[in-house]
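Summary of the model geometry
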Amino acid sequence: MPAPVPLTERPLWNQVIGTWRQLHGRIADTGASIEWHDFRLAADFDWARTFHPDCLEICLNYTGAADFALPGQKFTLAENQLAWYLPGRQPLTATRRAATIHRFFTLEISRRYLARQFAATINHLQTPVRAFLDPDRPFDSHVHTAPLTSHLLVLRQILLAPPVPPAAQPWWYQGKILEIITHTLFAAPPPDEIFTQGHNRQKQERVERARYLLERDMENPPSLGDLAREAGCSPYHLSRLFAEATGVSIPKYLRMKRIEKAAALILSGKQNVTHAAFAVGYSSLSAFTKAFVEQIGVCPGLYGITKCRQCFIRPPHPRRPAKPGS
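Quick caveat: nothing in here was measured; it's all calculated off a predicted structure.

Before going further, it helps to spend a moment on the overall build of the chain. Looking only at helices and strands, the chain has 13 helices and ten strands in total. Taking all contacts inside the chain whose residues are at least 6 apart in sequence as the whole, residues at least 24 apart take part in 68%. Approximately 17,700 Å² of the chain is accessible, and the part contributed by carbon and sulfur atoms is 55%.

What follows is the structure, encoded as structure tokens:
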């Protein structure tokens, strides 16, 4: 197989005002890399100039939009979607749209890396990926887009702040690259999959997507209708699924998460009670205090100064054991 292509895109990203971070790896060294992008564009950006020939790329797109084009085909990559793409024999163009904030990860993967890691399971990869790994023939350009699953949505924060010591991070990132590949490049399960398994997975996916969207913007949360549209079901159906999965209604779940976040802000000392209340979407301090006391067991002002906060999550008057003979 051809050798991996050296990393040459840094000068292109230097032209963009914002962040471009090489989180792990280089195509020339490891055969796979993962990068983070966070920028705003004043004019359309020719994204395809950053693509590497003889490499497959995966984009986890959280905000911003892009347009792909192949001869006779057009694709749009929207917010909270993923794309994987192959610049092969046919011309492939890709443009990042102006006047929006773009935040996304890209994984750049060489043929050599994929073949080495998935040699035993090549037949289970999607058809264009298998063609890409065939060293005896040129491969066609390809673009595939799909919604980000709840699992991939929540990777955003953890990829930017690995929960392991610095010395362990290269190994951790290698595992995450393989994890993302398994979620994106493998073929769909066979049609004879047990119906209940697929149905249960769909229900879980809808609930997890709703939870992600609620926690992403607690100050201005989406409406039930917006959540249902994102989850692909009716508001009534989503409400029922959510309550079955979490044990609480959507409004109560949002309130719980708001109070948890506010408590963490107060505990950190970075914000006072009023600022913490506004930060999680409360416009009334009295309503915030009432909700805080109901959930935490103490008013927010005392929670910020006491040295023994754990006592406030216990019942105020625990039942004493009955005396023998009583």
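A few words on the pattern of salt bridges. On inspection of all chains with the given rule, the structure shows 15 salt bridges. Residues Asp54 and Arg111 are paired through a salt bridge, measuring 2.9 Å at the closest nitrogen-oxygen approach. Of this pair, Asp54 sits in the loop between strand E3 (45-46) and strand E4 (55-63) while Arg111 sits in helix H2 (residues 111-117), and the two are 57 residues apart along the sequence. The pair formed by Asp54 and Arg111 is uniform in burial state, with each residue classed as buried. Between Glu208 and Arg211 there is a salt bridge, with its nearest N and O atoms 3.3 Å apart. With Glu208 and Arg211 both in helix H7 (residues 195-216) and three residues apart, the pair spans about one turn of that helix.

So, on to the sheet that holds strand E5 (residues 66-70). Strand order in this open sheet of four strands is E3-E8-E5-E6, and the pairing throughout is antiparallel. Two strands lie at the open edges of the sheet, namely E3 and strand E6 (73-77), each paired on one side alone. Looking at chain direction, E5 and strand E8 (residues 93-96) are connected through four bridges and run antiparallel. Pairing of Phe68 across the sheet is with Ala94, part of E8.

The contact between helix H8 (residues 224-231) and helix H9 (residues 235-246) brings their axes to 9 Å, and the two run at 85°. As the angle between them shows, H8 and H9 are arranged roughly perpendicular. Counting all contacts with H8, which are made through Leu224, Gly225, Leu227, Ala228 and Ala231, the residues of H9 involved are Pro235, Leu238 and Ser239. Considering only residue class, the contact of H8 with H9 consists of six nonpolar, two polar and no charged.

Here we take up the packing of helix H10 (residues 250-268) against helix H12 (residues 285-296). Contact pair H10 / H12: the axes reach a minimum separation of 10 Å and the direction vectors enclose 90°. With respect to H12, the element H10 is oriented roughly perpendicular. The residues of H12 that touch H10, namely those facing Arg255, Met256, Ile259, Glu260, Ala262, Ala263 and Ile266, are Phe288, Ala291, Phe292, Glu294, Gln295 and Ile296. Counted by class, the contact of H10 with H12 contains nine nonpolar, one polar and three charged residues.

So, on to the pairing of E4. In terms of residue burial, E4 counts as a mostly covered element, since nine of its nine residues are buried. Of the strand pairs in this sheet, E4 and strand E9 (residues 101-110) are connected by eight bridges, and their pairing is antiparallel. Across the sheet, the residue bridging to Thr63 is Arg103, located in E9. Across five bridges, E4 lies against strand E7 (residues 81-86) in antiparallel orientation.

Before going further, it helps to spend a moment on H9. For H9, built from twelve residues, the straight-helix expectation of 16 Å at 1.5 Å per residue is met to within 8% by its first-to-last C-alpha distance of 16 Å. Looking only at H9, the buried set comprises Leu238, Leu241 and Phe242. Taken end-on, H9 shows its buried residues confined to a sector of 100°, consistent with a single buried face. More than 90 degrees from the buried face of H9, the exposed residues found are Tyr236 and Glu244.

Next up on the list: the packing of aromatic side chains. Counted by the stated rule, this structure contains 16 aromatic pairs. Taking the centre distance of 5.3 Å and the plane angle of 70° together, the rings of Trp47 and Phe51 count as edge-to-face. Judged by its relative accessible area of 9%, Phe51 falls in the buried class. Here the aromatic rings of Phe118 and Phe186 are separated by 5.7 Å at their centres, their planes lie at 75°, and the arrangement is edge-to-face. With a gap of 68 residues between them, Phe118 in the loop between H2 and helix H3 (127-132) and Phe186 in the loop between helix H6 (169-184) and H7 connect regions that are remote in the sequence. Taking the relative accessible area as the measure of exposure, Phe118 reaches 8% and is therefore buried.

Right, let's get into the confidence of the model for the chain. Per-residue confidence for the chain gives a mean pLDDT of 84; residues scoring 70 or more make up 85%. Confidence drops under a pLDDT of 50 for residues 1-7, and excluding neighbours within four residues, the segment shows 25 contacts in the predicted structure. Contacts for the low-pLDDT stretch residues 307-326, under 50 throughout, to residues beyond four places or in other chains number eight contacts.

Here we take up the nonpolar core. Membership of the largest hydrophobic core comes to 51 residues, with the highest contact counts inside it found for Leu56, Ile58 and Leu114. Residues contacting Leu56, with those up to four places away along its chain left out, are Trp84, Tyr85, Leu86, Leu107, Glu108, Ile109, Leu114, Val129, Phe132 and Leu185. Core analysis: the second largest hydrophobic core is formed by 19 residues, Trp47, Phe51, Leu77 and Phe104 among them.

The rules behind each value
Residues numbered from 1 in each chain as written. Predicted model: local features only at pLDDT ≥ 70, side-chain atom pairs only at ≥ 80, totals over all residues. Heavy atoms only, no water. Helix = DSSP H or I, 4+ residues; strand = E, 2+ residues; numbered from the N terminus. Contact = heavy atoms within 4.5 Å. Areas by Shrake-Rupley, 256 points an atom, 1.4 Å probe, with all protein chains shown as cover. Salt bridge = Lys/Arg side-chain N within 4 Å of Asp/Glu carboxyl O. Buried < 20%, exposed > 50% of the residue type's maximum accessible area, 1.4 Å probe, protein only. Pairing = 2+ DSSP bridges. Axes fitted to C-alpha atoms, helices over the stretch in contact; angles between N-to-C directions. Parallel < 35°, antiparallel > 145°, perpendicular 65-115°, else oblique. Nonpolar A, V, L, I, M, F, W, Y, C, P; charged D, E, K, R; others polar. Expected span 1.5 Å × (residues − 1). Arc of directions from axis to C-beta. Phe/Tyr/Trp six-rings, centres within 6.5 Å; stacked < 30°, edge-to-face > 60°. pLDDT = per-residue confidence, 0-100. Core = buried A, V, L, I, M, F, W, Y, C linked by side-chain atoms within 4.5 Å.

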